[in-house]
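For reference, the chains in residue letters:
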Amino acid sequence: MAITILSAKKFATTLKATIHKTGRLGFTDDTAKALDFKSGKFAKFAQDDENGSLYLIIISEGSEDAFSVRESSGYYYVSTKVMFDTLGFNYENGNIMFDLVRQPSLDNDLQGQVYFMKQRQIKNREKKNDIISEP
């Protein structure tokens, strides 16, 4: 019998990303550290053709399909405005947040570290019964 200890340390941090009003996809400090952005990374995105789900793919080398991960005063972001505009995200009325869920089974197929971008259900401050729906 094989038993593996599930370390609390591994599950202590939720990786997060947010589309800001500028259209940039920004990352929390914990997420930037976990994704090792200091060593110079790039981001690609994939969309499930059947259900529209988004995936973030972190790679070490740039390509014509990749966005540069940029840093400004310790804050990491990707310039994704045109992509999110094209996909129909309404980020100008408020930030859209995602939890990043690791999907190692897709790493080989998508050639990088793959994360499912699970959109958070956020209640509108003015109308508590309204929920921002997924695109």
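In this text, all values refer to a predicted model and were calculated from it rather than measured experimentally. (Residues numbered from 1 in each chain as written. Predicted model: local features only at pLDDT ≥ 70, side-chain atom pairs only at ≥ 80, totals over all residues. Heavy atoms only, no water.)

### Observations concerning the overall build of the protein
- Counting secondary structure elements, the protein contains three helices and nine strands.
- Burial analysis of the protein (135 residues in total) assigns 33% to the buried set.
- The contacts of the protein with a sequence gap of at least 6 include a subset with a gap of at least 24, amounting to 49%.
- Only carbon and sulfur atoms are counted for the fraction: they give 46% of the accessible area of the protein, which is about 9,300 Å². (Helix = DSSP H or I, 4+ residues; strand = E, 2+ residues; numbered from the N terminus. Buried < 20%, exposed > 50% of the residue type's maximum accessible area, 1.4 Å probe, protein only. Contact = heavy atoms within 4.5 Å. Areas by Shrake-Rupley, 256 points an atom, 1.4 Å probe, with all protein chains shown as cover.)

### A look at the packing of aromatic side chains
- Overall, the coordinates contain eight aromatic pairs when judged by the stated rule.
- Measuring from ring centre to ring centre gives 6.4 Å for Phe-45 and Phe-84, while their planes differ by 70°; the resulting arrangement is edge-to-face. Here the residue Phe-45 occupies a position in strand 3 (residues 42-47), and Phe-84 occupies one in helix 2 (residues 81-87), the gap between them amounting to 39 residues. Of the two residues, Phe-45 and Phe-84, neither departs from the other in class, the shared state being buried.
- One aromatic cluster in this structure is built from Phe-45, Phe-67, Phe-84, Phe-89 and Phe-98.
- Positioned over the ring face of Tyr-77 is Arg-24, at 4.0 Å from the centre of the ring.
- We note Arg-102 situated over the ring of Tyr-115; from NZ or CZ to the ring centre the distance is 5.3 Å. (Phe/Tyr/Trp six-rings, centres within 6.5 Å; stacked < 30°, edge-to-face > 60°. Lys NZ or Arg CZ within 6 Å of the ring centre and 35° of its normal.)

### Digging into the sheet that holds strand 7 (residues 75-78)
- Pairing in this open sheet of nine strands is antiparallel, and the strands run 5-3-4-9-8-1-2-7-6 from one edge to the other. Each of the sheet's edge strands pairs with one partner strand only, and the pair in question is strand 5 (67-68) and strand 6 (70-72).
- As judged from the five bridges shared by strand 1 (residues 15-19) and strand 8 (residues 96-102), these two strands associate in the antiparallel manner. Of the residues in strand 8, the one forming a bridge with Leu-15 is Leu-100. (Pairing = 2+ DSSP bridges.)

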